[in-house]
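Geometric and topological summary
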Amino acid sequence: MSKTKLSRRNFLLTVGASGAAGAATLAAKAVPQAQPVAAREQKRRTAGYQDSAHIRNYYRTAKV
Amino acid sequence: MARMKFLCDDERCIACNGCVTACKQENEVPWGVNRRRVVTLNEGVRGERSISVACMHCSDAPCMAVCPVDCFYHTEEGVVLHDKDMCIGCGYCFYACPFGAPQFPQAGAFGMRGKMDKCTFCAGGPEKDNSKEEFAKYGSNRLAQGKLPACAEMCSTKALLGGDGDVIADIFRNRAIKRGKGSEVWGWGTAYGKPDHPQQQAPTGAKS
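Basis of the calculations
Residues numbered from 1 in each chain as written. Chains lettered and ligands numbered in written order. Predicted model: local features only at pLDDT ≥ 70, side-chain atom pairs only at ≥ 80, totals over all residues. Heavy atoms only, no water. Helix = DSSP H or I, 4+ residues; strand = E, 2+ residues; numbered from the N terminus. Contact = heavy atoms within 4.5 Å. Areas by Shrake-Rupley, 256 points an atom, 1.4 Å probe, with all protein chains shown as cover. Buried area = accessible area lost by both parts, 1.4 Å probe. Salt bridge = Lys/Arg side-chain N within 4 Å of Asp/Glu carboxyl O. Polar contact = N/O pair within 3.5 Å; in protein donor to acceptor, adjacent residues only side chain to side chain. Phe/Tyr/Trp six-rings, centres within 6.5 Å; stacked < 30°, edge-to-face > 60°. Buried < 20%, exposed > 50% of the residue type's maximum accessible area, 1.4 Å probe, protein only. Expected span 1.5 Å × (residues − 1). Arc of directions from axis to C-beta.

Re the overall build of chain B
Each helix and strand in chain B was counted, giving six helices and six strands. Shown N-terminal to C-terminal, the secondary structure of chain B runs as helices and strands in the order β-α-β-β-α-β-β-α-α-α-β-α. Sequence-distant contacts, at least 24 apart, represent 53% of the contacts inside chain B between residues at least 6 apart. Just so you have it, chain B exposes about 10700 Å², and 55% of that area is on carbon and sulfur atoms.

Details of the interface of chain A and chain B
Each partner contributes residues to the interface: chain A has 18 residues there, and chain B has 35 residues. With both chains or domains summed, chain A and chain B bury close to 2000 Å², and 56% of this area falls on carbon and sulfur atoms. Where chain A touches chain B, the interface holds zero salt bridges. Inspection of the chain A/chain B interface yields ten residue pairs in polar contact (both at pLDDT 80 or more). Elements that contribute at least two residues to the side of chain A that touches chain B include exactly helix H2 (37-44) and helix H3 (53-62) of chain A.

Some points on unusual backbone geometry
Residues and elements named next belong to chain B. Even without being a glycine, Asn17 presents a positive backbone phi close to 65°. Here Asn17 is to be found in the loop between strand S1 (4-8) and helix H1 (18-27). For Glu28, which is not a glycine, the phi torsion comes out positive at approximately 50°. You can see Glu28 is positioned in the loop between H1 and strand S2 (37-41).

Quick word on the packing of aromatic side chains
Residues and elements named next belong to chain B. One pass over the structure, following the stated rule, counts four aromatic pairs over all chains. When the centroid spacing of 4.6 Å and the interplanar angle of 40° are considered together, the rings of Phe6 and Phe121 count as tilted. Of this pair, Phe6 sits in strand S1 while Phe121 is found in the loop between helix H3 (92-96) and helix H4 (132-138), placing the two residues 115 residues apart along the sequence. Note on Phe6: relative accessible area 8%, which makes it buried. Geometrically, the ring pair formed by Phe94 and Tyr95 is edge-to-face, given 5.4 Å between the ring centres and 80° between the ring planes. By relative accessible area, which is 38% here, Phe94 ends up partly exposed.

Points about helix H6 (residues 165-179) of chain B
Here H6 of chain B spans 21 Å end to end across 15 residues, near enough to the 21 Å set by a 1.5 Å rise per residue. Taken together, the buried positions of H6 of chain B are occupied by Gly165, Ile168, Ala169, Ile171, Phe172, Arg175 and Ala176 of chain B. Take H6 of chain B and look down its axis: the buried residues cluster within an arc of 160°, on one side only. Residues of H6 of chain B that are exposed and point more than 90 degrees away from the buried face comprise Asp166, Ile177 and Lys178 of chain B. Tucked inside the fold, the buried residues of H6 of chain B contact H3 of chain A together with S1 and strand S6 (160-164) of chain B. Just downstream of H6 of chain B lies Gly180 of chain B, where phi reads positive at about 80°.

The following block contains the structure:
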């Protein structure tokens, strides 16, 4: 087999292998990662209800 | 732990729509979306009653049960909130809610619902407390500022009560005891009392 033919095959093999690797990387990036439940719970946590002077004043006025 | 509730005293509500306006102004609610509205029962008939209605932040919320993407959640205070990033605008919650609380913007193309919007008990959403992102999606987070919903605080006759369920139930119980009527003193047999004149019926709409 001539040297030209061999180098051409090697070139094609290299192109094919790098293409497959690239596609795999892209696919891994494209798949959305599910947000862990714990992280979602943490995000949803808020300061919430506080027994502030403002709220106590509201309750007082509502009693009238 | 306090559980946040709304309670509308129909003896005091004068249908001024102050609560509706306060909600719209506080949360910059867009046109076509009504997080809160005043409903008048037996209009024009003696003994007509008005009540202010919004999301009742149910303990066993039907919207939460039917949501296919599970975007609803309860906060530690029992407020029902939802994640607009997860909402797909399917409208199931709209059909499930007995109070008509879930609203959809009308500005989009025909047949496009957009993200659901509803009363948040002025508790914002899953974004960082009082951040720009939270305000843009859900409106004001007054609860994190140590305040109560704008609608309840704005109510001139204090008909609309909002806050810790135990406290507002006590306030309403005392009012009912003083009046000697309402919630058929005292018990939750019916949520808004019994009609003063049971023989009177609402107009049927038949022309004379």
